[in-house]
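# Residue-level structure breakdown
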Amino acid sequence: MSSPEKNITSVLKETRVFPPSADFVAASLVDAKERDRLAEWAKRDPDAFWAEQAKSLHWTKPWTQVLDWSNAPHAKWFVGGQLNASENCLDRHLTGPRKNKAAIIFEGEPGDTRTLTYQQLHREVCKFANALKLLGVGKGDRVTIYMPMVPEAAIAMLACARIGAMHSVVFGGFSADAVADRNNDAKSKIIITADGGWRRGKVVPLKANVDAALEKSPTVEKCIVLNRCNTAVEMKHGRDLWWHDLMAAGSQHCPAEPLDSEHPLFILYTSGSTGKPKGVLHTTGGYLLGSSLTHKWVFDLKEDDVYWCTADVGWITGHSYIVYGPLCNGSTIVMYEGAPNQPKEDRFWEIIEKYQVSVFYTAPTAIRAFIKWGDHHPKGHDLSSLRLLGSVGEPINPEAWMWYHKLIGGERCPIVDTWWQTETGAIMIAPLPGAIPTKPGSATKPLPGIEAEVVDKSGNAVPANSGGFLVVKRPWPSMMRTIYGDDERYKTTYWSHYDGIYFTADGARIDDDGYIWVMGRVDDVLNVSGHRLSTMEVESALVNHPKVAEAAVVGKPDDLKGEGIVCFVTLKQGNEPTDALKAELKAHVVHNIGALARPDDIKFTETLPKTRSGKIMRRFLRDVAAGRQSTGDATTLEDYTVLAKLREDEE
Ligand code: 7RM
């Protein structure tokens, strides 16, 4: 990871402002005045502020100290307190009107549906927790979960939490090798999978991948298999067990284990730009507070909301904003198994109409795909149930924001652009939608209690509108605790750049109104004639051209300028890749940003290399642009053929 050496020049100009409607403000959980009160209180007396917020959780034993930071950068939150995440997400909803409320509304890709009430979900979790116990899984053991997006994935996670085992969810699109690496790093005792899962009309062979992975995973003793797709799988005698057999035998009585606030809840692997994936460790009390509080605040939660986050449970957004945050708040969530374009490109809009979704949370990469597929898809559905939209995963280009606002939000729904990381556990920078007018492309301001700042290489706050490095100056409850098995790497990656300050590795600027504009990873920054430019800003300039659907910008070595600018561009349907268009796009960037950012080369492509969660992997494009072979971890790449295709185009 590159360290902060020289400030980043910000060139993006965006002046549109969208205040929430008077109706939205009147009904909102937190208005501007309340937000100011919370922010001021958190600054003045953070311990008292967090202590008060933590009362929203059910503690079986009260804590004696809010924060212990004496062993920095290792934080302990709510020291001495005990609670159980599964109990907070389930049991406490069973004593009131939420008992028969829908917890999970599931839609499978083939169109099968299932609804689990809180009571039903609780029963399934208890039964599965007992099954795990019978297999010898106990407190602190690691359990790998490699499943499709079905309710059983959440059931497995909550069952682990119930007995104090740590889950390590591995995204269902990963290869056998990636599963084996993660099994071995975590020393998992059990793996939970399914025969397969549905994706674009086909069955992803999860069990077959697990079979291959288990040849190289000596610590894994048992494999539990859910029958999702009715496909034939090999069941190894003595090792493999059917989910339904275990559930048929299991008692539904399983008291939640009281756990220390700092008891590990899960490990989640996140790709480093080089080297092996990092097992980000989160613990119980702080994480659950962070995910539930931010879910309530940022999504302005109402009891009757139908909330849909389109992420996969295999990444942090699925952990915090499908499972722990929403269920802790007693929400009704929609869970969809499959692809957004199966059977047609309007599947998401069909689901929103069908279940009357009111809050919709997705990623810029998905929004750019919707734009590419054409406006007639959303226009063919009644989306009037929506009242709030969210975005996460990457900076959202202002033009994609405007499309989301108009076509999906009907110009009526605020958009919450939420900045956070696997490492932060919960949303850190986002509008409280009833309190802050939004600006397309800005995540607005840090949430109350979060001291995010933009600083220069010496750690001093940068003046308004100059670029710098996004850092967090105070510990917060849902922060990661370490990298599993590699505490040194935790310290050097996040805490060695500035003393006592968390380094996010993102570049950002703050505007005159105090809004933060995240400009992407510091590693992706371009160095052109001594100016450090954000790739995201050049990409946004390209994306606001009417023919461009998506763009990824990288530097390539240039003797004169340091780096030249290479743009990989995908076009909206119906546009031809011509030399004339290349020239037009170059002129368009110069017009929008200035001659400094004139692209040296435009390359048209059908697709861009992305991570499984949809982030553009610019490091591979840098290699393509420079004509180098790629090194480093490629296991997180969504589609290997994309790289080969891009290289062919070069020849
Ligand atoms: C939640 C998640 C974290 C990185 C982060 C940023 C980028 C995420 C935004 C964003 C601009 C956003 N966790 N990022 N959200 N950049 N605006 N709203 O994505 O660990 O997978 O990635 O993603 O670079 O550091 S993550």
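Above this text is the structure in question.
One structure accompanies this document, and this report is about it.

### Some remarks on the overall build of the protein
The helix and strand inventory of the protein stands at 20 helices and 31 strands. Contacts spanning at least 24 positions in sequence make up 71% of the contacts within the protein whose residues lie at least 6 apart. Only carbon and sulfur atoms are counted for the fraction: they give 50% of the accessible area of the protein, which is about 23,800 Å². For the protein, the centre of its 75 positive side-chain charges and the centre of its 82 negative side-chain charges are spaced 2 Å apart.

### Section: the site of the ligand
Around the ligand sit 17 residues, and of these D417, T422, D506, R521 and K615 come closest. In the model, an oxygen atom of the ligand is placed 2.7 Å from a nitrogen or oxygen of the R521 side chain. Relative to its free-state accessible area of 530 Å², the ligand is covered by the protein chains to the extent of 93%. Residue composition of the shell around the ligand, grouped by class: seven nonpolar, five polar and five charged.

### Things to note about the pattern of salt bridges
In this structure the tally under the stated criterion is 42 salt bridges. Note that E52 and K55 form a salt bridge whose closest N and O atoms lie 3.0 Å from each other. Of the residues examined, E52 reaches a relative accessible area of 37% and is grouped as partly exposed. The partner of R239 in a salt bridge is D211, with the nearest N and O atoms 2.9 Å apart.

### Description of helix α15 (residues 398-408)
Of all 11 residues that make up α15, nine are buried, and the element is covered over most of its length. Listed as buried for α15 are P398, A400, W401, M402, W403, Y404, H405, L407 and I408.

### A closer look at the sheet that holds strand β7 (residues 142-145)
With mixed pairing, eight strands are arranged side by side in an open sheet as β13-β12-β9-β7-β8-β15-β16-β24. Two strands in the sheet have a free side with no partner beyond their single neighbour: β13 (240-242) and β24 (482-483).

### As for the sheet that holds strand β1 (residues 59-61)
Taking strand neighbours across the sheet as the criterion, the three strands line up as β1-β4-β14 in an open arrangement whose pairing is antiparallel. Single-partner strands in this sheet number two, and they are β1 and β14 (259-260).

### Here's the deal with the nonpolar core
Of all hydrophobic cores here, the largest spans 138 residues; its most connected members are L121, F128, I192, W243 and Y324. Looking at which element gives the most residues to this core, the answer is helix α6 (residues 151-163), with 10 residues. If we skip the residues at most four places from it in the chain, L121 touches L90, A103, I104, L116, I155, L158 and L327. Ranked by size, the runner-up nonpolar core spans 31 residues in total, among them W308, I352, A400 and Y404.

### Some thoughts on the pairing of β7
Covered by surrounding structure in β7 are R142 and T144 together with V143 and I145, the residues of both alternating faces. Pairing between β7 and strand β8 (residues 166-169): four bridges, direction parallel. Its bridge partner lying in β8, R142 is registered against M166. Alignment of β7 against strand β9 (residues 190-194), held across three bridges, turns out to be parallel.

### Notes on the environment of H381
Summarising the element assignment, H381 is placed in the loop between α14 (376-379) and β20 (388-392). Judged by its relative accessible area of 17%, H381 falls in the buried class. Along the backbone, H381 and L226 are 155 residues apart, and their C-alpha atoms lie at a distance of 34 Å. Not counting chain neighbours up to four residues away, the residues in contact with H381 comprise D346, W349, E350 and E353. Here the side chain of H381 touches E353 through a polar contact of 2.8 Å, side chain to side chain.

### Some words on the packing of helix α2 (residues 32-44) against helix α3 (residues 46-53)
Where α2 meets α3, the axes come as close as 5 Å, and the angle between the chain directions of the two elements is 125°. Taken together, the axis directions place α2 and α3 in an arrangement best described as oblique. From α2, L38, W41, A42, K43 and R44 reach across to α3, where they touch P46, A48, F49, E52 and Q53. Partitioned by chemical class, the residues of the contact of α2 with α3 number six nonpolar, one polar and three charged.

### Quick look at helix α7 (residues 176-186)
When we look at burial in α7, the residues that qualify are A176, A178, V179, A180, R182, N183 and A186. Residues of α7 that are buried sit in contact with β7, β9, α8 (206-214) and β15 (264-270). One or two positions beyond α7, positive phi appears at K187, with a value near 55°.

### Thoughts on the pairing of strand β23 (residues 467-472)
Burial analysis of β23 places six of its six residues in the buried class, which makes it a mostly covered element. Bridging between strand β22 (residues 452-455) and β23 involves four bridges; their strand directions are antiparallel. Its bridge partner lying in β23, V455 is registered against F469. With five bridges joining them, β23 and strand β25 (residues 502-510) adopt antiparallel strand pairing. Across the sheet, the residue bridging to F469 is G507, located in β25.

Rules and cut-offs
- Residues numbered from 1 in each chain as written.
- Predicted model: local features only at pLDDT ≥ 70, side-chain atom pairs only at ≥ 80, totals over all residues.
- Heavy atoms only, no water.
- Helix = DSSP H or I, 4+ residues; strand = E, 2+ residues; numbered from the N terminus.
- Contact = heavy atoms within 4.5 Å.
- Areas by Shrake-Rupley, 256 points an atom, 1.4 Å probe, with all protein chains shown as cover.
- Lys, Arg positive; Asp, Glu negative; His and termini not counted.
- Charge placed at Lys NZ, Arg CZ, Asp CG, Glu CD.
- Near = heavy atom within 4 Å.
- Polar contact = N/O pair within 3.5 Å; in protein donor to acceptor, adjacent residues only side chain to side chain.
- Nonpolar A, V, L, I, M, F, W, Y, C, P; charged D, E, K, R; others polar.
- Salt bridge = Lys/Arg side-chain N within 4 Å of Asp/Glu carboxyl O.
- Buried < 20%, exposed > 50% of the residue type's maximum accessible area, 1.4 Å probe, protein only.
- Pairing = 2+ DSSP bridges.
- Core = buried A, V, L, I, M, F, W, Y, C linked by side-chain atoms within 4.5 Å.
- Axes fitted to C-alpha atoms, helices over the stretch in contact; angles between N-to-C directions.
- Parallel < 35°, antiparallel > 145°, perpendicular 65-115°, else oblique.

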